[in-house]
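Here's the letter readout for the chains.
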4 protein chains.
Amino acid sequence: MTTHRFTATQWHNVLGTLPAALTIASGDTVITETLDAHGIDRDGEQRAAEPNPMNGPIFVTGAEPGDALRVEIVRMTPIRATGWTRASLAGNVVDPEFVRGLPPRDKVNWRVDRQGLTVTLDPPVPGLEHLTLPLEPMIGCFGVAPELGQAFSTATSAENGGNMDYRGFGPGATVWFPVAVPGALFFLGDCHATQGDGEIVGTGIETCFEVELRLTVEKRRALVWPRGENATDIFSVGNARPLDQALQHATTDMFNWLTSEHGLSPAAASHLMGQVVRYDVGNVFDPAYTMVCRIEKKWLPKR
Amino acid sequence: MTTHRFTATQWHNVLGTLPAALTIASGDTVITETLDAHGIDRDGEQRAAEPNPMNGPIFVTGAEPGDALRVEIVRMTPIRATGWTRASLAGNVVDPEFVRGLPPRDKVNWRVDRQGLTVTLDPPVPGLEHLTLPLEPMIGCFGVAPELGQAFSTATSAENGGNMDYRGFGPGATVWFPVAVPGALFFLGDCHATQGDGEIVGTGIETCFEVELRLTVEKRRALVWPRGENATDIFSVGNARPLDQALQHATTDMFNWLTSEHGLSPAAASHLMGQVVRYDVGNVFDPAYTMVCRIEKKWLPKR
Amino acid sequence: MTTHRFTATQWHNVLGTLPAALTIASGDTVITETLDAHGIDRDGEQRAAEPNPMNGPIFVTGAEPGDALRVEIVRMTPIRATGWTRASLAGNVVDPEFVRGLPPRDKVNWRVDRQGLTVTLDPPVPGLEHLTLPLEPMIGCFGVAPELGQAFSTATSAENGGNMDYRGFGPGATVWFPVAVPGALFFLGDCHATQGDGEIVGTGIETCFEVELRLTVEKRRALVWPRGENATDIFSVGNARPLDQALQHATTDMFNWLTSEHGLSPAAASHLMGQVVRYDVGNVFDPAYTMVCRIEKKWLPKR
Amino acid sequence: MTTHRFTATQWHNVLGTLPAALTIASGDTVITETLDAHGIDRDGEQRAAEPNPMNGPIFVTGAEPGDALRVEIVRMTPIRATGWTRASLAGNVVDPEFVRGLPPRDKVNWRVDRQGLTVTLDPPVPGLEHLTLPLEPMIGCFGVAPELGQAFSTATSAENGGNMDYRGFGPGATVWFPVAVPGALFFLGDCHATQGDGEIVGTGIETCFEVELRLTVEKRRALVWPRGENATDIFSVGNARPLDQALQHATTDMFNWLTSEHGLSPAAASHLMGQVVRYDVGNVFDPAYTMVCRIEKKWLPKR
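So, how was this worked out
Residues numbered from 1 in each chain as written. Chains lettered and ligands numbered in written order. Predicted model: local features only at pLDDT ≥ 70, side-chain atom pairs only at ≥ 80, totals over all residues. Heavy atoms only, no water. Buried < 20%, exposed > 50% of the residue type's maximum accessible area, 1.4 Å probe, protein only. Helix = DSSP H or I, 4+ residues; strand = E, 2+ residues; numbered from the N terminus. Pairing = 2+ DSSP bridges. Phe/Tyr/Trp six-rings, centres within 6.5 Å; stacked < 30°, edge-to-face > 60°. Contact = heavy atoms within 4.5 Å. Buried area = accessible area lost by both parts, 1.4 Å probe. Salt bridge = Lys/Arg side-chain N within 4 Å of Asp/Glu carboxyl O. Polar contact = N/O pair within 3.5 Å; in protein donor to acceptor, adjacent residues only side chain to side chain.

If you look chain A up in an unreviewed UniProt entry, it shows as Acetamidase from Kumtagia ephedrae.

Trainee: Sorry, what's going on with the pairing of strand E17 (residues 209–218) of chain C here?
Mentor: Within a regular strand, side chains alternate between the sheet's two faces. Residue and element names in this part refer to chain C. Burial of E17 is extensive: 9 of the 10 residues sit out of reach of the surface. With 10 bridges connecting them, strand E6 (residues 68–78) and E17 associate as antiparallel partners. Note that in E17 the partner of Ile73 across the bridge is Leu213.

Trainee: What am I meant to see in unusual backbone geometry here?
Mentor: What is expected of a backbone is that most residues other than glycine have negative phi and most peptide bonds are trans. Look at the link from Glu50 of chain A to Pro51 of chain A: it is a cis peptide, with omega at -5 degrees. Mapped onto the fold, Pro51 of chain A is located in the loop between strand E4 (29–33) and strand E5 (55–60). Look at the link from Gly56 of chain B to Pro57 of chain B: it is a cis peptide, with omega at 0 degrees. Mapped onto the elements of the fold, Pro57 of chain B is located in strand E5 (residues 55–60). A positive phi is found at Ala184 of chain B, a non-glycine position, where the angle reads about 70 degrees.

Trainee: I'm lost on the packing of aromatic side chains in this one. Help?
Mentor: For any pair of aromatic rings, the description consists of the separation of the ring centres together with the inter-plane angle of the planes. All chains considered together, the criterion is met by 38 aromatic pairs over all chains. When the centroid spacing of 5.0 Å and the interplanar angle of 70 degrees are considered together, the rings of Phe142 of chain C and Phe169 of chain C count as edge-to-face. Placement of Phe142 of chain C in strand E11 (residues 138–144) and of Phe169 of chain C in the loop between strand E14 (161–163) and strand E15 (174–178) is noted, with a sequence separation of 27 residues between them. One exposure class covers both Phe142 of chain C and Phe169 of chain C, and it is buried. Residues Phe255 of chain C and Phe98 of chain D carry aromatic rings whose centres are separated by 5.5 Å and whose planes lie at 90 degrees to one another, so their mutual orientation is edge-to-face. Of this pair, Phe255 of chain C sits in helix H1 (residues 243–260) while Phe98 of chain D sits in the loop between strand E7 (82–86) and strand E8 (107–113), on two different chains.

Trainee: Looking at this structure, I do not really get the interface of chain D and chain C. What am I missing?
Mentor: Frequently, the measure chosen for interface size is the accessible area removed from exposure when the parts meet. In this assembly, 70 residues from chain D lie in contact with 70 residues from chain C. Both sides of the chain D and chain C interface together cover about 5,200 Å² of buried area, and 65% of this is carbon and sulfur. Summed over the three residues of chain D that lose the most area to chain C, namely His271, Gln275 and Tyr279 of chain D, the buried surface amounts to 14% of that side. Between chain D and chain C we count 0 salt bridges in total. Counting across the interface, chain D meets chain C through 24 residue pairs in polar contact (both at pLDDT 80 or more). Of all the secondary-structure elements, those providing two or more residues to the side of chain D that touches chain C are E7, E8, strand E10 (133–134), helix H1 (243–260), helix H2 (266–276), strand E20 (278–281) and strand E21 (289–296) of chain D.

Trainee: Help me understand the interface of chain B and chain A, please; the structure alone is not making it clear to me.
Mentor: Contact with chain B, which involves 70 residues of that partner, is made by 70 residues of chain A. Roughly 5,200 Å² of surface becomes buried between chain B and chain A when both sides are summed, with 66% attributable to carbon and sulfur atoms. Here chain B is connected to chain A by 0 salt bridges. Applying the counting criterion to the chain B and chain A interface returns 24 residue pairs in polar contact (both at pLDDT 80 or more).

Trainee: Whenever I open this one, helix H2 (residues 266–276) of chain B confuses me. Can you help?
Mentor: Since one α-helical turn is 3.6 residues long, residues separated by three or four positions face the same way. For H2 of chain B, a buried count of 9 out of 11 residues is recorded, marking the element as mostly surrounded by other parts of the structure. Every buried residue belonging to H2 of chain B is among Ala268, Ala269, Ser270, His271, Leu272, Met273, Gly274, Gln275 and Val276 of chain B, and all of these are buried.

Here's what the structure looks like:
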């Protein structure tokens, strides 16, 4: 198992079948620094164009269509003292006529305290002088090349992952993506210091991180949607609009997971999901919304 | 402050402007037993027709349009040893073509352990022998008469509350409803022993409870949507389809709450919500879906 | 068959189980004058409150739950020289961020030429001096009392009809409503001089009409949704949000119509609908949207 | 102006930035034969993989980002005696629980009468023996390479066109696409002998055509969505889910068209659209639905 320090020199605004920037073995670890959503680096320099420039793709030897790529998010270390957000709720998350009265979508600065592991508005905003948020790092956009030779903007998401903007994609989480091309072709970027559910101002606190990931091929585990796991829960991810359809995808995927890998009958899977499932809203800002269907591991069948 | 033991003798399948079954003073407490969603009582006898027969309405003296009715859920004691659910995910929560393969929507029995405060499938279902769920009681359907002389089926929900099927409506929660008619005319019923997010089999564990509530008029507090509070959070509730619109209603209401009652500017409210908001899915089964926009009190402006 | 001249003296803002204002026999004709959507009469006098005050209800002797009420729209004669509309697209029909730049929703006047049977903006609007629209009268809101003792605002629509705002509900059309209460309890109002698809400024050209209708009970014809017919087509009406769900309701109803009353197998109904169906958008402004699924009669099975 | 007979030798399942199969001058005409949606040619031979294999791309000299590509559909001549459809409504166009009872989605044959210009089920289906439909050819999937290096499956559609499955894209129609890459890179395929609104069985009558098109660059006409024109109407096309969002895109685009190219004020554009607009449903089957916002030319401002 090798650890690769990967320094990106070019970035991509799509997840697609592009030439590999790095080739690794299954099980290897990658450490890399990401730009923010606008392509600004740790030194405040514009290095790439928006939206959400991606490091990668990383070719994982042995990955083939029909496999799953397991991504363990080992560590996310903030590497810039500033982050930014937007100063208004997005138009699509409020009642339509209410949009007429929303404030402008100005870009606003936050201070990232890398020792204290907190974030604060800088300068302070009246009424929010008390607001010191804990750093809760997450990857906004990551995933693999989609099937058919498709390539999707990093503004959106699909079966292959992408711009899901889900709080749950932080250190300690493991995520699986469906491999659709040889080598999987993994991309990442757009990390946030923290973010509310839904990314309803259209941003988390956008900044730069050093991210440490372990990438492993799981052979012959055909997935449709991204799946994940953390210390307590397993979860399925659906990406689509409206939110209802994202929820249908995530729910269908969890049902299939419980029946195919956990041995439950369709009725038993229904019973379990009906009474213990939790839904998390990833984003409701991007072209495709993200809904997560989650179950505590303690409720899974014993094996 | 009086405590009323209210024994319903008739039940209603709508929330509307109906003759009061009980009249109380603001601040009084009501203790009442509810039927299950099919109108079955604690003794297994059919007492009323589905859907979700309601106790009430309760006329709260002094409540006028433009006021809010505060409902504190003090206690919910299970009063029947059985509950029931459906044996299949609902058609609308999975991918459409997947519906062809869902199991039948049979009615299934659960045992409610009123000493141990747990629920278990009865008879056991293979693969779920371990599944002993803690009792987490909640009110599925409650609210007040809507404006304009409207009357809504207890199968659905709207600005006046109704069949929201949200897990958060349990003991310890306080809920506010917009008063639209003199006396508010409060209804309740359809209590669940527990329920997953979304009520995705179309039911929680449907059973009977003795419910203790305190009802208080807050004068001149005009609301649009139901709001709530528990030990740690405040929350706004939106009821509509699709889920996107329910989310828009709840988000708009939270924004209005923060700007009108918590003194935040529109930009400050956006900053706060953008980074700390949480969304809970109430139900995604009923004609109107329910989305809850929630904020931890510790993030609210200090006063 | 009697013709009743019905002069409303009170109006209703809900469709519900209210005392009959007129009782007629099945097959009778009713002639009545409607107010506009704001409750203004032919003389410009405010007679009732918005939204959409209704004449009625009309009790049709013999109508029972499980029957259909057939409504033939015989004639609509404009009785006021003015109509009005709103000066801006509604927020919900454009891209959310685009709402910030929409013009104000001012009330604008139109001249109704009752001899020439045309409507024109009054005063003229630059760029639209040429715009003389033919009068194409339609009933914006009509229907029957819903089941379960429900009562719905005339701002919205449901299985019982209501505020569907569909261009096709004009003279020459026949409409069937599902009878849910004895006497059916028929309501009407909110007539338009003309209207585009979708009612996307939130109004048609709102004015007053003398409407002539024939109401007939069709025994034991249980419907779920409104259905209609004109010289060339039959159609099913679905009312819901999002538009996708309104379309699902209308499509399911047409499928059921073709299989239950026109003798087609499910596969044959699919073939026919797949290649000849037409969809019309009723409104996309009201709380429930309206989608119409329409088939030319010439394609129906011969009998 | 040259006429090119273009014989495709490879086909694509995405619209993206791929090597040109043919280079032409602006204003040239192209005549080409298309495969059906399953990649079957005029002789019944499988030539390419599904979904919807595309001829192209065609590089149009001089086309640059910020231009529009005008596509005139001159002629569509059927070149195969058979077509096919599916035998069931798609799951997503009916009420969710209704899906359980739909018939199987079998592939069904139609006879294409190339002299009589009609299509009929072959073998006949009971109840539909009379059903001889006129040939109404249309292009199901066509468009240009999208921006950012994206590539989209021919199963779906977006700003660049794609699988819109709109009846209006037949001979006599002119369509404009937003050029996002040098040469525009135009693709086409998936032609239908006829199709109902919505493509609700998931297919039109799928067959092969010889298509004649004229492709012309309109310099510096930046579009967001496809637009079109026929003898009587102009129209804007929105592609998204839910249908509500497709409608928002199309409505916003028509509003922008009227204000930017037809000289109307925002209020005047609202008046015109409010009272004369028509909506056509393209498809409600593909991942992105298609809604068309249409206005008769006779209502446009005179110039």
